[in-house]
Amino acid sequence: MKGATSRKRLRPTQNTDFSVKEHILHSTAIDESDPKRTAFPSHFRDIISPIVITAPSGFPQFTLVLQQHGFLVSKPRNHIRVDQLVFRKDLSDWIESKSKQMPIADNEASKFIFSMKGYLNVRENFDQSMTPTLHPDEVFQDSLLHNLLSISVLQRHLTNIILPAISEVSCVASSQEQVDRLAAMLGQLKWLPSRAGLTSYSSIMLGTVETATNLAKKTLIRFYPDIIPESHHSQVATTLKNMLETADSPIVSAIMDCFSSLDISLAEWDGVRDAATTQMLNAPLQDFPAYFAFLFRTEDATNLSGIILGMREKLELIPLGGDDAKNAIHMVEIVEKIRFCASVNPNMVPIWTKQVKDDLTSDSSSVKPLDLIMLLIFGETFKAALVPLRLICLEHKLVTKLLDNLLQHNMPIVNQVFQTLTKLCDSFLRNPKDAKAYSSVQHILVKLFVALSPLETQEITSNLICILMNGYPNSRDVVLKILTEITEREPKKLLMFAPHFMGVLEGAIKFPAHQIRQLMNILATLAHVKDCTDSERFGCEFTILLRKYLTHSNTQTRCFGVMGALATVHQLSTNSETFNEDRILELLRLAWSFVKREQDPCCIFFDELSNIVDALPDKTCQEFHELIAQSFVSSWTNMESTGVPLHKLQSKQTTLKLTVQMEAGVTGDETNENTVLVFEEKPLGLSPHVIPSQTRLVCKLTEKTKGEIDLILAAPLLFPDVNLYYSHVGSIPACTFSQRFQLGIYLIVGINYFRECISAFVGKEDASLRIQVWYRLTNVVFLQQILSQNFHEFPSLPMAYVTGKPTVSGGGGASTSSDITRKKPKPKGKKKKKKNEDEEDPLPEESLGFEVCVQPPQLIPHLRRLDPTTFALLQAPLSIGSAINFSTIWQKLKDGADITTVAKSVEILSPESLSLLLLEINQQTKDPANSFNVLEVKDLVKWITQQIHIIRPVLENRSAKKCYRSLDECFQLILTTLSSYCEQVSGLSDCEEQEKLSERVVSGLTAELEIEENLDENSKIHAAVKFIQSLSSCIRQPVKAVEHLKSLASFHALFPDDDVVKTTLVRTAEKYLKKEWKLASAQVELMLKTWILKSESPLEAMQTIISAMVEEDHGNLGSCSNVNFHTWYSVVLSLLSQHVSKYGKKASAGEAGQVFWIEAVRLFKELVFISESHKESLVLVSLLRHSRLFVESFTNAGSSLVPVIHSKSLSTFKPFIKDLQLTTRKLQMVCEHSKVHKDPKLVRNVPPMRRALETLVFRVREILAVNEVSQAFWLGSLRHKTLDGEEINSQPYNEPGARYEEMDNESDSSSEVVEESDSDSLL
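Reading the values: rules and limits
- Residue positions are counted from 1 within each chain, in the order its sequence is given.
- Side-chain atom pairs in this predicted model are given and counted only at pLDDT of 80 or more, local residue features only at pLDDT of at least 70, and totals for whole chains, interfaces and linings cover all residues.
- Note that water and hydrogens are dropped before the side-chain values are worked out from all heavy atoms of the structure.
- Centre distance within 6.5 Å is the pairing criterion for rings of Phe, Tyr and Trp, where only the six-membered ring of Trp is used; planes under 30 degrees apart are then read as stacked, over 60 as edge-to-face, and the remainder as tilted.
- Think of it in three bands: with a 1.4 Å probe and only protein chains considered, a residue is buried below 20% of the maximum accessible area for its type, exposed above 50%, and partly exposed in between.
- Labels follow the DSSP assignment, with helices taken as runs of H or I lasting at least four residues and strands as runs of E lasting at least two, numbered in each case from the N terminus.
- Note on definitions: angles span 0 to 180 degrees between N-to-C directions of axes, and those axes are lines fitted to C-alpha atoms, for helices only across the stretch in contact.
- Under this scheme an angle from 65 to 115 degrees is roughly perpendicular, one under 35 degrees roughly parallel, and one over 145 degrees roughly antiparallel; angles in between are oblique.
- Two helices that cross are described as forming a left-handed crossing if the nearer one is turned anticlockwise from the farther one by less than a right angle, and a right-handed crossing if clockwise.
- We call two residues in contact when some of their heavy atoms are within 4.5 Å.
- The residue classification treats Ala, Val, Leu, Ile, Met, Phe, Trp, Tyr, Cys and Pro as nonpolar and Asp, Glu, Lys and Arg as charged. All others, Gly included, are polar.
- Patch membership needs two things, relative accessible area over 30% and no salt bridge, and members are linked within 9 Å if like-charged or within 5 Å if nonpolar (Val, Leu, Ile, Met, Phe, Trp, Tyr).
- Here the accessible surface of atoms and residues is derived via Shrake-Rupley with a 1.4 Å probe, and residues count as covered only by protein chains that are part of the display.
- Note on definitions: salt bridges are taken to be side-chain nitrogens of Lys or Arg within 4 Å of carboxyl oxygens of Asp or Glu.

J.: Got a sec to walk through the packing of aromatic side chains? Specific residues and values, please.
T.: Scanning the entire structure with this criterion turns up 27 aromatic pairs. Between Phe 1156 and Trp 1157 the ring centres are 5.6 Å apart and the planes differ by 90 degrees, which places this aromatic pair in the edge-to-face class. No difference in accessibility class separates Phe 1156 from Trp 1157, as the two residues are buried. Considering the side-chain rings of Trp 1157 and Phe 1194, the 5.5 Å spacing of their centres and the 75 degrees angle between planes classify their relative orientation as edge-to-face. Taken as a pair, Trp 1157 in helix H52 (residues 1150-1169) and Phe 1194 in helix H53 (residues 1177-1198) lie far apart in primary sequence, 37 residues in all. Ring pairing ties together the aromatic residues Phe 1156, Trp 1157, Phe 1164, Phe 1190, Phe 1194 and Phe 1216, which thus form one cluster.

Quick look at the structure:
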C-alpha cells in the first residue's frame, strides 16, 4: 500500500533548484555479455570540450525505417504522421518479424539496431531524440527516445546507452544546464509500459546516486518513484533511509518527496516514517519544511496521531546557530508549509488540537512551544484551534513560558502569526467573562509591543485605545495596566501614538478615579522622557491641558486635573534627568489653590499627595507640612462636654457643636475623653470626609520632615455620643432618616480616622503612643461592630477613598461624600423559589463567619486600609474572656504608674481585634489593586502559630457552645492566613527566595514545639506538617475542615517531593470524608481531589472510594449521602478519565501498562454499572460527559494492548475484555435511555458518546486484524434497551436470537471479542 497519500503521476517538469558540488567521474557498464554493445559515446566522456557532430544522413538504415513507419527525423523538431501508439506497435511488429530472418547478425532488425546505436552515440542526435515530437495536428507527442524505449525489444539496447550516460552526467553535473540535461534523460524512462529483460536496471539506478553530485542527487531521487518499478520500491526506501542519516539539507527535500510517492507495504512505511521522524529531531531548520510536507501527508488518523504525538514530545523549532537572516527565511518557509499541509490534510488540525486539549485537561506542563506555534497557524483559518488557544491563555505561567520561548527562538514565526495573537487578545479584552485570561493577555501584548516593529505595534495600540474608550470597566483596567508596563519599558515607541491618548482624555473624565490616575501617570511619564524631542513637545501640550482642567468650573473636571498634576509632580520628582523643584512647587501650589475649598478635590489632593510624599524634595514637604498641619490643628476645639440635645443635630447654624464621648471596647465603660468637635461650613475648615485623608497626609509629611504630631492622638472622635441615640430613641432602626444618615457618616469617618492614626503610630517605640495605638484599635473594633450590626439601617455611607469605585451592595453607593441615598430595603420575607430537579437540596447553613460582626465584605469599600506595618500587632498575645478597661488605664497613669508597665498590659489582642487584623491582611492580599505583599510581614507564620497555641486548648476541651464562636472564627482566619502565605511562597519564581521563605515557614510552625535543636531539615519539615495535621482536633465544622485542608495543601506545595507531607495530606482528606458531615458539592470535590490525586496510587484510592459508594449505606464514607451522591460520582469518574488520559500513553508499554489498563477498565465498569441503581439525571449526565474521555483514551492508548493480553494469557484476557464489552453495552443502553426519556441534558451528550464507541469498535478490530488474531473479533447488532431492560423495537436484528441470549447470560466459555453495533452507531 502507499505509505502516504497516493499521488497521481504526471508528466515530469524540470526542477532547477540545484547547488554546485564537486564533480566525481564514474562510468557504469551494462550487460557486458551483449556482443553488439558499442563503445560508450565519446561525447559523454568529454562533455565540456567541443564535439564534432555527424550528420543524420550517416545512419540511413535507422532513419529510413523510422520514416517508413511514419516518423520523420528532422531538425529542429522531429515529426510523426501517425499516432505514437500506432507507431510503437508497427515498429515492434516489424522488428519482431525481421529478427527471424537468417542470418541473425545480418538481418534488417540487427542492422536497424546497430544503426540506432550509432545515431544515438552522437550527442546532437541524442539530445534531438529527447525533444518532444511534432504531430500534423500541432500536438506534441512523446520524444523519439521515449517511443523507442516503449518497445520492449529495444529497451536493453537503449539502456546500454542511456544508463551510462546518466551515470556519467550525474558524476560531473555542476551547472544548471547539466542538471537539466540529466532531468531530460531521466524523463525518458518514465511511464514505460514494461521493463522486460532489465535485470540490473533498478540496482544500477540506485547505485548511480551514490557517486552523483549533490545537484544530480536531488534530480535522481525525485525521479526514482517514476523510473524504478514498483516491485523494487522497497529497495528505494532502504537506500534513501540510509542516505537520510548523512544527507545534506538540499537532498532531504528530494528524499521526502520521493518517500511520499513510493508504493511500499504498511510495515515498510512505518519504518520510513519512524526514520524520518527520528532524523527530523536533529535536522537543521531549513530541512523542516520537507519533513513536514512528507509526514503531514499521512491521512490515516492513527498514524498521523502517532506522528503528531512524537513531534509534540521531542521536536523544537530552535535555530542551531548560523545566519539570522537565513534562519528567518527558513522559519517563514516552515509556516507556509504548515499552512499548506493543514489546508490539504483534513485530519491534521483536529488531531493536534485534541491532543493539546487533552494535555491541558490532565497536565498543562506537557504543552510545548511547538503546540503554540501550530495552534496560532491553525487559528488563522480553523476556528477549532482557537479553543485550546483560549484554554492556554487561562494559565498565566504556561503562557509566560511558551511566549518567552517563542520570542527568544522564533521571532520570524511571531511576525507571521502576529494577527492571530492580537485578534485572540482583543477577543479576550472585549469579553468581561474572560477575566481569568487578563493576566496572560497583559503579558502577551507587552511582550509583543516590545519585540515587534513600530508598524506592527500600531495595531496593538489602536486596539488598546479602542477598548479603553468603548470597553467594559474591567477591560479598561487591564488595558491601563498594559499601557503602564509598556510606558515603563518602551516610552519612546509609545510616544509615536501620544496624540491618540490626548484624544482619550476627552472621554476619560467619565472613568472611575483609579483609572484616571493610571492614565494620568502614563501621560506624565510620556511627557518626561529623557533626550526625546517628541516627549518635550508632548509635555508642553500636556501641561497646558492640565492648567485648563485645574481652572475649570466643573468639580469633576478639577478632580481630573488634580490627579494629572500630581502624576506629573511624581514623575518630575522621580526622574533625575527632569528634576525641577521650582516646577514641582508651582504645580502643587496651583493644584492646591483650586481644590482647598471643595471637599472631593481636596480629598483627592491629600490622598494622591500622600502616595508620593517619599519622592518629593524636602523643601516642598516642609512648605506643605506647615500649611496642612496648621490647618489641621486649628480645626479642633477642646471643650468640656455640654450634652447637646439630639434635636440640635439638625441645626442650620454656621457653627455646629457636637458632644463627643467614646465608649471603650465592649464593656460599656466610658473613657475620660470628653471633647467637643466644631464643624464649619467650609470643607477645609473641617469637613468630616476630609479628616481621614488629611490625617494621613499630615502624618506622612511629619514623618518626612521629622516633626512632632503627638497631639493628633488627642483629637476627639468624629461622631455624636451613641448613647444619645439609644437614650432618646431606644434603637438605631427607630431613628429618623436624617439621624441615621448623619450617624452613618460619622461612624465611617471616625473609623477611618482611627485607622489612619493606628497606621501612623504603630511603629513608634514611645510607650504612651503604643497605649494610644491599642486604644484606637479597640475603638475601631467597637465602632465597626456597631456599624456592622446596623449596616442596612443607614441610608448612605461615604466611600473610604473618593477615588474608589461606587459599590452597589451594602451601605453606601456613593463615590463622593454621601449624596447618594440607598433604596429602602425590601422586607426580609422568604421568597419561594421553584426547585430545579437537577439542583441538590440545600444544606443547613453553618454559622455565618465572625467577619460579619467585625468587618463584613460589604463594609470594605468604606474602610481605609491599614498600613502593612500594622500587622506587627499580631505578635501580641491573645487574651480570652477578658477585655481591657481603658478607664482603669487612664486612672493608673494619673496616679503616676510606670508607663512602660502599663503599656505592656495594654498590648493584648482580643478575639475581635485578632479577627480584624487577620481579615484585613487576607483582604489586602486578595485585592489585585493593592500593592500589599503578605510575604513582607516577616514573622507572620511565627506570630499566628503563637495564637494557635493559645486558642487550641480551649477549642479541644470545649463543648459545642456558641460562646466560643469568636475563637472558632479566629482559628479559621488563622488557617486561611497560613494558606495564603504558603501559596505566595510556592508561587515565587526566584528559587533561592522561595527556599529561604520555605525555611522561615517551617521555623515559624515549629517555634513553639519542643523539638531538638540539631534536627535535620527533613525532620523539621515532618514536625511542621505533623503540627498542622494535629489541628484537626480543633475542627468541628466542614468550613473549618476545608481551610485546614487548604493549609496542608499549600504547605505540600512548598515540599512537593516529601512523601510524609503528601501522605499526611491524603490521610487528612480521607479522615474528613469519612466524618458524618453534610458537605456541599465544592467541599466534596476539593476533598476527593486531594485524596485521589495526591495518593501514591490514584487507582487504589479510587477503588477504595468506589467500593464504598456501591454499598447501600455508602460504607464508611459518612459524608456521602443521597443528596450529594451525584457530586461524588461525577468527581470520581472525571478523575478516573483524566488519570487514564494523562498516564495511559506513558503506561501503555510493558507489564505495568497491561496492569494499569486492566485495573482502569475494571474500575470504569463499576462506575458505569452504578447507573443501574442511580438513574437520576445528574448521575447519567456525568456518566455520559466524562465517560467519553475514558473511551477515547482507551482507543488511542490502551486498545493496542488487546492483542498483547490475548496472546499472553487467556485467563487474564477474558475478564478484561468482558469488562470492556459489558461497559460499552451499558453505555449504549444509557444513550437509548436518554432518547426514550427525551431529557435534553442527556441527549446533547449522546452523539459524541456514540462516536467514541464507534471509533473504539473499529480500532479494536483493526488492531486485532493487524496482529493476525481477527478470529477473536465478531461484529453484530445490539438490541436497543433502556436502563430498565425494556427493548426498543426500532431496528431489525441481523443475528439469531440465540447469539444474544448467550451474550446476555455473560457466558465465559467463549474467548471471542464480541462487540455490538446498530446501523446508526456501533456499540
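J.: I'd like a description of unusual backbone geometry, backed by residues and values.
T.: Here the bond from Lys 75 into Pro 76 is cis, since omega is 5 degrees, no more than 30 degrees from zero. Non-glycine residue Asp 531 carries a positive phi angle of around 55 degrees. In this fold, Asp 531 is placed in the loop between helix H28 (513-526) and helix H29 (533-550). Despite not being glycine, His 1114 has its phi angle at roughly 65 degrees, a positive value. When you line up the elements, His 1114 lands in the loop between helix H50 (1098-1109) and helix H51 (1125-1143). For His 1114, a relative accessible area of 6% corresponds to the buried category.

J.: Run through the packing of helix H7 (residues 152-172) against helix H9 (residues 201-211), naming residues and quoting values.
T.: Across the interface, H7 lies against H9 with an axial gap of 9 Å and an inter-helix angle of 15 degrees. One element, H7, and the other, H9, form an angle in the roughly parallel class. The crossing of H7 and H9 is right-handed. Across from Leu 163, Ile 166, Ser 167, Ser 170 and Cys 171 in H7, the residues of H9 making contact are Tyr 201, Ile 204, Met 205, Thr 208 and Thr 211.

J.: Explain the packing of H50 against H51 to me, using residue names and the numbers behind them.
T.: Running from N to C, H50 and H51 point in directions that differ by 155 degrees, and their axes come no closer than 11 Å. What the angle tells us is that H50 and H51 run roughly antiparallel. You can see that H50 and H51 cross each other, and the crossing is left-handed. Contact residues: H50 offers Pro 1098, Leu 1099, Met 1102, Ile 1105, Ile 1106 and Met 1109, while H51 offers Phe 1125, Trp 1128, Tyr 1129, Val 1132, Leu 1135, Leu 1136 and His 1139. Of the residues that constitute the contact of H50 with H51, the class distribution is 12 nonpolar, one polar and no charged.

J.: Give me a nonpolar patch on the surface: which residues, what numbers.
T.: A contiguous nonpolar patch, built from Val 387, Leu 391 and Leu 394 and spanning about 210 Å² of accessible area, is present on the exposed surface. Along the chain, Val 387 falls in helix H19 (residues 386-393).

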